[in-house]
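Architecture at a glance
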Amino acid sequence: MKRTSVVLLALALAVPAAAATQGPSAQAVLKRIASEGGHKVLWDLWDQEEKFDQVMAGIESGEPTWLKVAVALKPFADGGPSLSIKYSVARVLPKAPERVLALTRQGFEVDDICTSPFLEPDPGVAEAYERETLKALAKVNDPSLAPIAAECAKQVRLPPM
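Residues numbered from 1 in each chain as written. Predicted model: local features only at pLDDT ≥ 70, side-chain atom pairs only at ≥ 80, totals over all residues. Heavy atoms only, no water.

**So, the overall build of the protein chain**
Per the secondary structure count, the protein chain includes ten helices and zero strands. The N-to-C order of helical and strand elements in the protein chain reads α-α-α-α-α-α-α-α-α-α. For the protein chain, the residues scored as buried account for 44% of the 161 residues in total. Taking all contacts inside the protein chain whose residues are at least 6 apart in sequence as the whole, residues at least 24 apart take part in 73%. Taken as a whole, the protein chain presents about 8600 Å² of accessible surface, with 56% of it coming from carbon and sulfur. (Helix = DSSP H or I, 4+ residues; strand = E, 2+ residues; numbered from the N terminus. Buried < 20%, exposed > 50% of the residue type's maximum accessible area, 1.4 Å probe, protein only. Contact = heavy atoms within 4.5 Å. Areas by Shrake-Rupley, 256 points an atom, 1.4 Å probe, with all protein chains shown as cover.)

Okay, here's the thing in structure tokens:
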């Protein structure tokens, strides 16, 4: 079961990065936000499910410019879009914990990003995410992020079964 969980997590983390290349670039989204405003861009994307999903996949890639998109869109999001942005950022934790934790200085709260980012995961997916994320958080070297990483680790842990 462990191997299956890790494979499922690897697929879940790899697919968004590949999908990100098919939609708009992060620079294009940021340019639109600058010219049209974050509220308009976010809700236009939300109305076009495929493009919204492509932007979320871009954020999940963990690339710094895509994380800037998440920061730029977050203030205008509520409900479904807000949860999507938070979960997309949270899925970056196992790959780039310092990049994600640094977002707590840019409008994201620990509660926003230190969670299991799955609504109804297949068996083993949430557990694999927890293991990989806790390993990544334990390796955070930036002393200014260490307390945030410790708090994040507490929140990422799944409730005991």
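Next comes the rest of the write-up.
**Digging into the environment of Pro94**
With respect to the helices and strands, Pro94 occurs in the loop between helix H6 (79–90) and helix H7 (97–102). Of the residues examined, Pro94 reaches a relative accessible area of 17% and is grouped as buried. A C-alpha to C-alpha distance of 7.7 Å links Pro94 and Lys135, two positions 41 residues apart in sequence.

**Considerations on the confidence of the model for the protein chain**
Summary statistics for the protein chain give a mean pLDDT of 88 and a share of 86% for residues scoring 70 or more. Under a pLDDT of 50 for its full length, residues 1–21 has, in the predicted model, 25 contacts with residues more than four places off or in other chains. (pLDDT = per-residue confidence, 0-100.)

**Focus on the pattern of salt bridges**
One pass over the full model with this rule turns up seven salt bridges. The partner of Asp44 in a salt bridge is Arg32, and the shortest N-O contact between them spans 3.0 Å. Taken together, the residues span a long stretch of sequence, with Asp44 in helix H3 (residues 38–47) and Arg32 in helix H2 (residues 26–36) at a distance of twelve residues. Among the residues examined, Arg32 registers a relative accessible area of 28% and is labelled partly exposed. When the shortest N-O distance is used, the salt bridge between Lys40 and Asp44 registers 2.7 Å. One end of the pair is Lys40 and the other is Asp44, both in helix H3 and four residues apart, which spans about a single turn. (Salt bridge = Lys/Arg side-chain N within 4 Å of Asp/Glu carboxyl O.)

**Thoughts on the packing of H2 against helix H5 (residues 64–73)**
For the pair H2 and H5, the least separation of the axes is 9 Å and the interaxial angle reads 25 degrees. Of the possible angle classes, the one that applies to H2 and H5 is roughly parallel. Between H2 and H5 the crossing geometry is left-handed. Of H5, the residues touching H2 (which contributes Ala26, Gln27, Val29, Leu30 and Ile33) are Thr65, Trp66, Lys68, Val69, Ala72 and Leu73. Split into classes, the residues belonging to the contact of H2 with H5 amount to eight nonpolar, two polar and one charged. (Axes fitted to C-alpha atoms, helices over the stretch in contact; angles between N-to-C directions. Parallel < 35°, antiparallel > 145°, perpendicular 65-115°, else oblique. Left-handed = near helix turned anticlockwise from the far one by under 90°. Nonpolar A, V, L, I, M, F, W, Y, C, P; charged D, E, K, R; others polar.)

**Considering H5**
Those residues of H5 that fall on the buried side of the exposure criterion are Trp66, Leu67, Val69, Ala70, Val71 and Leu73. Buried positions along H5 lie against H2, H3, helix H4 (49–60), H6 and H7.

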